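Notes for the structure review
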Amino acid sequence: MLLEFDDDQRLWQHTVREVVAKHCPPTLVRAVADQGADPGLLWKRYVEHGWTAMTDQENAVELTIVHEELGRACDPTPYLATTSQFAPLVPQAPAEVAGAAVFAGITPRREGAEWVLHGAAEVLDGDRAELLAVVTGAGVFVVEAGQVHTRRSAIFDPVLHLATVTFDHVRVPADSATGGDVALARASALTGMAATMVGACQRVLDLVVAHVRERRQFGAPLGSFQAVAHKAADMHVAVERARALTYWAALTLAEADERAGLAAVMAKAAAGECQELVFRHGLQLFGAMGYTWENDLQFALKRAKAGEMLLGGTDEHRATIARQYRAAAL
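Here goes a summary of the coordinates provided. (Residues numbered from 1 in each chain as written. Predicted model: local features only at pLDDT ≥ 70, side-chain atom pairs only at ≥ 80, totals over all residues. Heavy atoms only, no water.)

1. With respect to the overall build of the chain
Per the secondary structure count, the chain includes 10 helices and 9 strands. The globule rule puts the C-alpha radius of gyration for 330 residues at 20 Å, and the 20 Å found for the chain is close to it. Across its three principal directions, the C-alpha atoms of the chain cover 80 × 55 × 35 Å. Considering the chain as a whole, with its 330 residues, one finds that 52% of them fall into the buried category. Sequence separation of 24 or more characterises 74% of the internal contacts of the chain that already satisfy a separation of 6 or more. About 15300 Å² of surface is accessible on the chain, with carbon and sulfur atoms providing 54% of the total. When the 30 basic and 40 acidic side-chain charges of the chain are each reduced to a single mean position, those positions are 7 Å apart. (Helix = DSSP H or I, 4+ residues; strand = E, 2+ residues; numbered from the N terminus. Rg over C-alpha atoms; globule rule 2.2 N^0.38 Å. Buried < 20%, exposed > 50% of the residue type's maximum accessible area, 1.4 Å probe, protein only. Contact = heavy atoms within 4.5 Å. Areas by Shrake-Rupley, 256 points an atom, 1.4 Å probe, with all protein chains shown as cover. Lys, Arg positive; Asp, Glu negative; His and termini not counted. Charge placed at Lys NZ, Arg CZ, Asp CG, Glu CD.)

Structure, rendered in structure tokens:
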């Protein structure tokens, strides 16, 4: 298992970074947050570039590269939910369709030749998905957005969409359950979220480094003071650790390795620990400026923090890792 990018992957990373810098600059993210600008054109760009079609398992590393770069840019589209959560459950869905996954909270009941779905769940991009992949005890069902009631939740990340999706007697044919691999989808979802958090944390680190180089105190750049340099170094180490585990998880997905589930859990736990340290040090090194709405630091901080709260937190995933290792040792 090769743990470094090859030439093609490095070129792909460079290409994605250039495209994202051009089409998803901080000004667009701020326009979405401040003025309610529509990111639909950006989504179309992703479709045109073929990024929404990169959902085959063997492309997991390349897709993770995209997720990291979009996390760094605080992408305002439903790309993450569509490619890392919905697509693994419904691989036959058209690439241009925005989707979301409902992993829990929905109960099926058999009525003749149909299943009737009940329940509600908080779903990433549930309010702007065209199709929903619903994981139930009876299988995975694909439900059109018009069949459910959605209400966007007010959260601290102004460009991230989280919605309460309610299923009230939603009827689906009994034979409509898909063959989506739920375990694979969960691993893909955790890996994609971890990559997004790593990208957001990298953005925080980039902004902090630029700030402490330019900001002067007592006649010297802030970055020249040992305490500041140590905090920046700790942030860098945390980001690199989380990044390494995230790409290991992507490699296990690409190679259909049996450790994919464990690797994804480890990546999400590491990303959660990373964002906690980066959040604390990032705000401290920016000082009062870090708390202002005018500072773009807030978007990356909020995206990283939101990622920690979605799909299970660090403590939950660390407990899962401990249980698996203990079971293997017995």
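2. Remarks on the pattern of salt bridges
As enumerated under the stated definition, the model contains 16 salt bridges in all. A salt bridge links R109 to E111; the shortest N-O distance between them is 2.3 Å. E111 sits in the partly exposed class, given a relative accessible area of 29%. A salt bridge links D157 to R303; its shortest N-O distance comes to 2.8 Å. Placement of the pair is D157 in the loop between β6 (149–152) and β7 (162–173) and R303 in helix α9 (residues 297–309), with a sequence separation of 146 residues. For the pair D157 and R303, one class covers both residues: buried. A cluster of three or more residues bridged by salt bridges with shared partners is formed by R17, E69, R72 and D206. (Salt bridge = Lys/Arg side-chain N within 4 Å of Asp/Glu carboxyl O.)

3. Considering the packing of helix α1 (residues 7–23) against helix α4 (residues 60–73)
The interhelical angle for the contact between α1 and α4, taken along N-to-C directions, is 30°, at an axis separation of 10 Å. Accordingly, the angle class assigned to the pair α1 and α4 is roughly parallel. Handedness of the α1/α4 crossing: right-handed. Contacts from Q9, W12, Q13, V16, R17 and V20 in α1 reach V61, E62, I65, V66, E69, L70, R72 and A73 in α4. Across the contact of α1 with α4, the residue classes tally to 8 nonpolar, 2 polar and 4 charged. (Axes fitted to C-alpha atoms, helices over the stretch in contact; angles between N-to-C directions. Parallel < 35°, antiparallel > 145°, perpendicular 65-115°, else oblique. Left-handed = near helix turned anticlockwise from the far one by under 90°. Nonpolar A, V, L, I, M, F, W, Y, C, P; charged D, E, K, R; others polar.)

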